Amino acid sequence: MSEPEGAAAHRSEVAGAKGRTFLVTGANTGIGRATAAGLARQGGRVYVAARSREKGEEAVAAIKASTGNDAVFYLPLDLADLDSVRACAADFLARGEPLHGLVNNAGVVRARGLTKQGFELMFGVNHLGHFVLTNALLGCLTASAPARVVTVSSDSHYSAHGIDFEALRRPERGVTGMHGYAVSKLCNVLFSAELARRTAGSGVTTYALHPGVVASDIWRRVPWPVRPLMLRRMLTVDQGAATSLYCATSPDVAQDSGKFYDKCAERAPSRVATPELAAELWKRSEEWTAPD
Ligand SMILES: NC(=O)c1ccc[n+]([C@@H]2O[C@H](COP(=O)([O-])OP(=O)(O)OC[C@H]3O[C@@H](n4cnc5c(N)ncnc54)[C@H](OP(=O)(O)O)[C@@H]3O)[C@@H](O)[C@H]2O)c1
């Protein structure tokens, strides 16, 4: 059956990265860096948001050199400090550019402690920082539509049985640190689904995804000699960036929003990821991050 003419026009409008502007968090290394490089290779303008200026600028120089695209820029962003998150959004908005793709990629695993504003570190960095960043940029994304918000979750989200909202105000207590990580990654899925509901009809579409099990710096806390043995079996960071790039640029998903992806295909998220829990998380996140 042939596609309606209007739909085809919309699909071609959003295909690829050429001439479009993207912001990728945690793009100094790992999957984020490979995603930023992939977007630059396709001709996108790319903002590399990272907490370390030195590492961020090194990544920008390397991406420019490897892709031949000079439209790659560094933005300071520490997701563990909401003042830094707001400053990053303000810095981007002050440039007066459109934003066609926000890739919420940065993440920490097995991390212990609290963010500057007193949230469990993995929840704070992986979810709450991105919640504030996305909302601060949402007006720009909407004005730039069609635009996409891609949030890198994990298949670890399947092991979270729910959210203990009280536990999000204290450091992770589990032995492995994986419980807090799973909850933060469930929050990524819930956030993406609720954002889709809130942006329906605006031209902003949202995607959450599992990148695969990827040999990146995220395993830095796994002790030797387990780590090198584990890494050998994993995907490369370029392979790990494939689903992020698919969600950020493919015309195949231009009409979709709020879904979860794995291996460049839709996959059912955890049954725990209900619209009710998504609405509750959004409400709490909003209350917790409201300016004083
Ligand atoms: N690797 C996997 O197998 C796997 C599997 C499922 C999901 N994921 C998800 O994929 C995403 C990317 O992970 P990766 O594997 O590429 O890990 P990675 O190599 O460790 O990269 C993580 C990135 O997040 C940044 N980051 C950490 N804390 C930050 C903060 N407070 N503010 C700003 N940036 C911060 C890191 O910056 P620094 O370099 O300064 O630390 C780094 O750029 C994460 O969301 C992760 O949960 C990964």
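Structure first, text after, so check above.
Presented here is an overview of the structure given in this document. (Residues numbered from 1 in each chain as written. Predicted model: local features only at pLDDT ≥ 70, side-chain atom pairs only at ≥ 80, totals over all residues. Heavy atoms only, no water.)

With the rule as written, the count across this model stands at 14 salt bridges. Between K283 and E287 there is a salt bridge; the shortest N-O distance is 3.9 Å. With K283 and E287 both in helix α10 (residues 275–289) and four residues apart, the pair spans about one turn of that helix. (Salt bridge = Lys/Arg side-chain N within 4 Å of Asp/Glu carboxyl O. Helix = DSSP H or I, 4+ residues; strand = E, 2+ residues; numbered from the N terminus.)

All right, on to the site of the ligand then. Residues in close proximity to the ligand total 31 residues, the closest being N28, R51, Y181, V214 and S216. In the model, an oxygen atom of the ligand is placed 3.4 Å from a nitrogen or oxygen of the K55 side chain. In the complex, 98% of the free accessible area of the ligand, which totals 890 Å², lies under the protein chains. Classifying every residue of the shell around the ligand gives 14 nonpolar, 11 polar and six charged. (Near = heavy atom within 4 Å. Polar contact = N/O pair within 3.5 Å; in protein donor to acceptor, adjacent residues only side chain to side chain. Areas by Shrake-Rupley, 256 points an atom, 1.4 Å probe, with all protein chains shown as cover. Nonpolar A, V, L, I, M, F, W, Y, C, P; charged D, E, K, R; others polar.)

Another aspect to go through is α10. The first and last C-alpha atoms of α10 sit 21 Å apart over 15 residues, in line with the 21 Å expected at 1.5 Å per residue. Looking at the buried residues of α10, the elements they touch are α4 (82–94), α5 (121–143) and α6 (178–199). (Expected span 1.5 Å × (residues − 1). Contact = heavy atoms within 4.5 Å.)

Take the environment of W219 next. Along the chain, W219 falls in the loop between β6 (204–210) and α7 (226–232). The exposure class assigned to W219 is buried, which follows from its relative accessible area of 18%. Separated by 108 residues in the primary sequence, W219 and A111 have C-alpha atoms spaced 11 Å apart. Setting aside anything within four residues of it in sequence, one finds W219 in contact with V213, V214, R227, M230, L231 and M234. (Buried < 20%, exposed > 50% of the residue type's maximum accessible area, 1.4 Å probe, protein only.)

Next up on the list: the packing of aromatic side chains. Under the definition given, this model contains 12 aromatic pairs. Taking the centre distance of 6.1 Å and the plane angle of 65° together, the rings of F131 and F191 count as edge-to-face. Of this pair, F131 sits in helix α5 while F191 sits in helix α6, and the two are 60 residues apart along the sequence. The two residues F131 and F191 agree in class, both being buried. Among the aromatic residues, those joined into a cluster by ring pairs are F119, F123, F165 and W288. Residue placement shows R284 over the ring face of F165; its charged tip is 4.4 Å from the ring centre. (Phe/Tyr/Trp six-rings, centres within 6.5 Å; stacked < 30°, edge-to-face > 60°. Lys NZ or Arg CZ within 6 Å of the ring centre and 35° of its normal.)

Our next topic: the pairing of strand β1 (residues 21–25). Burial of β1 is extensive: five of the five residues sit out of reach of the surface. The alternating pattern of β1 places T21, L23 and T25 on one face and F22 and V24 on the opposite face, and all of these are buried. Where β1 meets strand β2 (residues 45–50), five bridges bridge the pair, whose relative direction is parallel. Paired with T21 across the two strands is R45, which belongs to β2. Pairing between β1 and strand β4 (residues 101–104): three bridges, direction parallel. Within β4, the position partnered with L23 by the bridge is L102. (Pairing = 2+ DSSP bridges.)

Quick look at the sheet that holds β2 now. Here we have eight strands laid out as an open sheet, ordered β3-β2-β1-β4-β5-β6-β7-β8, and mixed in their pairing. The open sheet has two edge strands, β3 (72–76) and β8 (265–266), and neither has a second partner. Note: strand β5 (residues 147–152) against β6, six bridges, orientation parallel. Bridge assignment links V152 to a residue of β6, and that residue is L209.

Turning to the nonpolar core, a few remarks are in order. Grouped together as the largest cluster of nonpolar side chains are 35 residues, with contacts concentrated most on L23, F92, L99, L102, L133, L137 and L141. Contributions of two or more residues to this core are made by β2, α4, α5, β5 and α6. Every residue in contact with L133, bar those within four places of it in the chain, is listed here: T25, L77, V85, C88, A89, L102 and N104. Counting residues in hydrophobic clusters, the runner-up holds 31 residues, among them A27, I63, V214 and A248. (Core = buried A, V, L, I, M, F, W, Y, C linked by side-chain atoms within 4.5 Å.)

Time to look at the packing of α6 against α10. At their nearest, the axes of α6 and α10 sit 9 Å apart, and the two run at 90° to each other. Comparing their axes, α10 and α6 come out roughly perpendicular. Along the contact surface, α6 presents L186, C187, L190, F191, E194, L195 and R198, while α10 presents P275, L277, A278, A279, L281, W282 and E286. For the contact of α6 with α10, the per-class residue count stands at 11 nonpolar, no polar and three charged. (Axes fitted to C-alpha atoms, helices over the stretch in contact; angles between N-to-C directions. Parallel < 35°, antiparallel > 145°, perpendicular 65-115°, else oblique.)

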